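A closer look at the structure
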Amino acid sequence: MADKIKDAKIIFVVGGPGSGKGTQCEKIVEKYGYTHLSSGDLLRAEVASGSERGKQLQAIMQKGELVPLDTVLDMIKDAMIAKADVSKGFLIDGYPREVKQGEEFEKKIGKPCLLLYVDAKGDTMVKRLLKRGETSGRSDDNEETIKKRLDLYYKATEPVIAFYESRGIVRKVDSELAVDDVFAQVSQAIDAL
């Protein structure tokens, strides 16, 4: 079964909250026929399914604990195998959050051929998230929380990006531009694979 995904094209997609990463992933799926897998979405779907694994995950998350790395990898792997026949490649979104996760991913699943880094300035991400949160109440409330989320994101992501830069597979796109201009950069990176 795992042989099905052995030679799959795998792209890690990294970008902060509000970077426009989600929008770019949608466009990649549309143009290239890749499957977009977000570890967060997979966890939520598993919990919603009411499966045995879903119940265990719900218990872990309710305690505020982190889901074990092996479990996340198994879920990603299962989702990849399920889509192997119809997919041109895989976008792994929001993962790895640390270098060790990337190494485990390679052992269990495969090597990424590209790390797509959707980069926007901190201020831009804050602005975009506040705009998105305008409907949800007080903006001054959210700004602090947003800045905390961004801090966490930078701390976690810098070593991951450095690790893959040393392998020469990082392509950084400037997400300050208009959506289609960002996608032009993304397309260049994917077409070069």
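Residues numbered from 1 in each chain as written. Predicted model: local features only at pLDDT ≥ 70, side-chain atom pairs only at ≥ 80, totals over all residues. Heavy atoms only, no water.

Considerations on the overall build of the chain
Here is the rule: Note on conventions: DSSP H or I runs of at least 4 residues are helices, E runs of at least 2 residues are strands, and numbering of each starts at the N terminus. Radius of gyration here is computed from C-alpha atoms only, and the compact-globule reference equals 2.2 Å multiplied by the residue count raised to the power 0.38. Only protein chains enter the accessibility calculation, which uses a 1.4 Å probe; a residue whose area is less than 20% of its type maximum is buried, one above 50% is exposed, and one in between is partly exposed. Whether two residues are in contact is decided by their heavy atoms, any of which lying within 4.5 Å being enough. What sets the accessible areas is the Shrake-Rupley method with a 1.4 Å probe; for residues, cover comes only from the shown protein chains. Only four residue types enter the charge count: Lys and Arg as positive, Asp and Glu as negative, with His and the chain ends excluded. Charged side chains are reduced to one point each, which is NZ for Lys, CZ for Arg, CG for Asp and CD for Glu.
Check the secondary structure of the chain and you find eight helices and five strands. Order of helices (α) and strands (β) in the chain, N terminus to C terminus: β-α-β-α-α-α-β-α-β-α-α-β-α. Expected size for 193 residues packed as a compact globule is a radius of gyration near 16 Å; at 17 Å, the chain falls within 12% of this value. Its C-alpha atoms give the chain principal-axis dimensions of about 50 × 45 × 30 Å. Residues counted as buried form 45% of the 193 residues belonging to the chain. The long-range share in the chain, meaning contacts at least 24 apart out of those at least 6 apart in sequence, stands at 78%. When the accessible surface of the chain is totalled, it reaches about 10900 Å², and 50% of it is carbon and sulfur. With 31 positive and 32 negative side-chain charges, the chain shows a spacing of 1 Å between the two charge centroids.

Some details on the environment of Glu165
The topology assignment puts Glu165 in helix α7 (residues 139-165). Through-space distance from the C-alpha of Glu165 to that of Leu115 is 8.7 Å; in sequence the pair is 50 residues apart.

Remarks on the UniProt feature "binding site: ATP" (unreviewed entry) in the chain
Cut-off, in case you're wondering: UniProt positions are given in the numbering used here, feature names are shortened, and annotations may be inferred rather than shown by experiment.
Per the UniProt record, the feature "binding site: ATP" (unreviewed entry) sits at Gly18, Ser19, Gly20, Lys21, Gly22, Thr23, Arg132 and Leu177. Within the secondary structure layout, Gly20 lies in the loop between β1 (10-14) and α1 (21-32). When its relative accessible area of 25% is taken as the criterion, Gly20 is described as partly exposed. Filtering out sequence-adjacent residues up to four positions away, Gly20 remains in contact with Val118, Arg128 and Ser175. Inspection of the secondary structure puts Leu177 in the loop between β5 (170-174) and α8 (179-191). Sequence-distant contacts of Leu177, defined by excluding residues within four places in its chain, comprise Val182 and Gln185.

Here we look at the confidence of the model for the chain
Quick note on the threshold: Per-residue confidence from the prediction method is given by pLDDT, with values spanning 0 to 100.
Scored by pLDDT, the chain comes out at a mean of 92, with 96% of its residues at no less than 70. Element-level mean pLDDT values for the chain span from 87 in α7 up to 98 in α8.

Digging into helix α6 (residues 122-133)
The criterion, for reference: Multiply 1.5 Å by the residue count of a helix minus one, and that product is the helix's expected span.
Over its 12 residues, α6 extends 16 Å from the first C-alpha to the last, a length consistent with the 16 Å expected when each residue adds 1.5 Å. Within the span of α6, buried status applies to Thr124, Met125, Val126, Leu129, Leu130 and Gly133.

Digging into the pairing of β1
Selection rule: Here, any two strands with at least 2 DSSP bridges between them count as paired.
Here β1 lies mainly inside the structure; five of its five residues are buried. A two-sided burial pattern is seen for β1, the buried positions comprising Ile10, Phe12 and Val14 on one face and Ile11 and Val13 on the other. Note that β1 and strand β3 (residues 90-93) share four bridges and pair parallel. Note that in β3 the partner of Val13 across the bridge is Asp93. Pairing of β1 with strand β4 (residues 114-119), which is carried by four bridges, proceeds in the parallel orientation.

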